Amino acid sequence: MDHSKGVFGDLLSYYGERTYELITLLANNETFIQGFQRVLSTSAEFRLMLTRAVRNGVEQLPLPTLQDFDELREGQEELSQRLYDLDERLFGLEQRLDTLIEQTKPKTKKPRRTPKA
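Residues numbered from 1 in each chain as written. Predicted model: local features only at pLDDT ≥ 70, side-chain atom pairs only at ≥ 80, totals over all residues. Heavy atoms only, no water.

Caption draft 1: A look at the pattern of salt bridges. One pass over the full model with this rule turns up five salt bridges. The residue Glu78 makes a salt bridge to Arg82 at a minimum N-O spacing of 3.0 Å. Taken as a pair, Glu78 and Arg82 lie in helix α3 (residues 66-104) at a separation of four residues, close to a single helical turn. Among the residues examined, Glu78 registers a relative accessible area of 45% and is labelled partly exposed. Measuring nitrogen to oxygen at the nearest pair gives 3.7 Å for the salt bridge that ties Glu102 to Lys105. Accessibility expressed as a relative area gives 52% for Glu102, which makes it exposed. For Lys105, a relative accessible area of 46% translates into the label partly exposed. (Salt bridge = Lys/Arg side-chain N within 4 Å of Asp/Glu carboxyl O. Helix = DSSP H or I, 4+ residues; strand = E, 2+ residues; numbered from the N terminus. Buried < 20%, exposed > 50% of the residue type's maximum accessible area, 1.4 Å probe, protein only.)

Structure representation (structure tokens):
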């Protein structure tokens, strides 16, 4: 045991060597390679099938399109402009009403103070 590496260094070195040996053995095993290729092939086919199924499912959902969102935005802008116009008209009506109220108020003169003798 090399004490300069410590226990963890020795463990990593040992298992690193064993792992390398295992990978080398498996890479040289024709049956393992064929099985691994089958798994990869099946996995790719399954992923492709799943992607197609999800795409078809999403296409059948009644989701809004970009055109729908554009139409909603335009409608919202139009309503916003109408509300702004109504607010301006209401403000004008309030000013006229205030003016009419001021004009119809009877003007009363303030009583004069008489100096006390």
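Text resumes after the structure shown.
Caption draft 2: Structural detail: the packing of aromatic side chains. Counted according to the given criterion, the structure contains two aromatic pairs. Their ring planes at 80° and their centres at 5.1 Å tell us that Tyr14 and Tyr15 sit as a pair that is edge-to-face. When the ring of Phe32 is compared with that of Phe36, the centres are 6.0 Å apart and the planes differ by 20°; the resulting orientation is stacked. With Phe32 and Phe36 both in helix α2 (residues 30-60), this residue pair falls four residues apart, about one helical turn. Given the relative accessible area of 44%, Phe36 is considered partly exposed. (Phe/Tyr/Trp six-rings, centres within 6.5 Å; stacked < 30°, edge-to-face > 60°.)

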